[in-house]
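Structural overview
Take a look at the letters that make up each chain.
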Amino acid sequence: MKVKLTSEDEEKIYELYKNGISMKNIANQYGTSFNKISKTINIALLIMFQNQYHYKKEKQNNFL
């Protein structure tokens, strides 16, 4: 049976990881695979990076 993660789950997973909990332990807590947790965290990091990039770009454009 596949575990469906909600957006709230994804936020909690990222917070757990950010606070030092291993991906393996998070996967065990949510009853899912290490790969699914890894993908969830990597997507969260990518979104954060993109948001920071666009924010900096907008800030630079406002000064021109």
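Presented here is an overview of the structure given in this document. (Residues numbered from 1 in each chain as written. Predicted model: local features only at pLDDT ≥ 70, side-chain atom pairs only at ≥ 80, totals over all residues. Heavy atoms only, no water.)

Considerations on a positive patch on the surface
- Residues Lys2, Lys4, Lys36 and Lys39 make up a contiguous surface patch of positive charge.
- With respect to the secondary-structure elements, Lys36 resides in helix α3 (residues 34-63).
- Residue classification places Lys36 among the partly exposed positions, given a relative accessible area of 31%. (Patch = residues over 30% accessible without salt bridge, like charges linked within 9 Å, V, L, I, M, F, W, Y side chains within 5 Å. Areas by Shrake-Rupley, 256 points an atom, 1.4 Å probe, with all protein chains shown as cover. Salt bridge = Lys/Arg side-chain N within 4 Å of Asp/Glu carboxyl O. Lys, Arg positive; Asp, Glu negative; His and termini not counted. Charge placed at Lys NZ, Arg CZ, Asp CG, Glu CD. Helix = DSSP H or I, 4+ residues; strand = E, 2+ residues; numbered from the N terminus. Buried < 20%, exposed > 50% of the residue type's maximum accessible area, 1.4 Å probe, protein only.)

What about helix α1 (residues 7-18)?
- Between the first and last C-alpha of α1 there are 17 Å, a value that for 12 residues agrees with the 16 Å anticipated at 1.5 Å per step.
- Immediately beyond the C-terminal end of α1, within one or two residues, lies Gly20, with a positive phi of roughly 95°. (Expected span 1.5 Å × (residues − 1).)

Notes on helix α2 (residues 23-30)
- Of the positions making up α2, those classed as buried are Met23, Ile26, Ala27 and Tyr30. One face of α2 carries all of its buried residues, which in axial projection span an arc of 100°. Exposed positions of α2 whose direction lies more than 90 degrees from the buried face are Lys24, Asn28 and Gln29.
- The first or second residue beyond α2 is Gly31, which carries a positive phi of 65°. (Arc of directions from axis to C-beta.)

Comments concerning the pattern of salt bridges
- Applying the stated criterion to the full structure yields one salt bridge.
- Between Glu15 and Lys18 there is a salt bridge, with the nearest N and O atoms lying 3.4 Å from each other. With Glu15 and Lys18 both in helix α1 and three residues apart, this pair spans about one turn of that helix.
- By relative accessible area, Glu15 is classed as partly exposed at 37%.

By themselves, these are just geometric observations and shouldn't be taken as functional.
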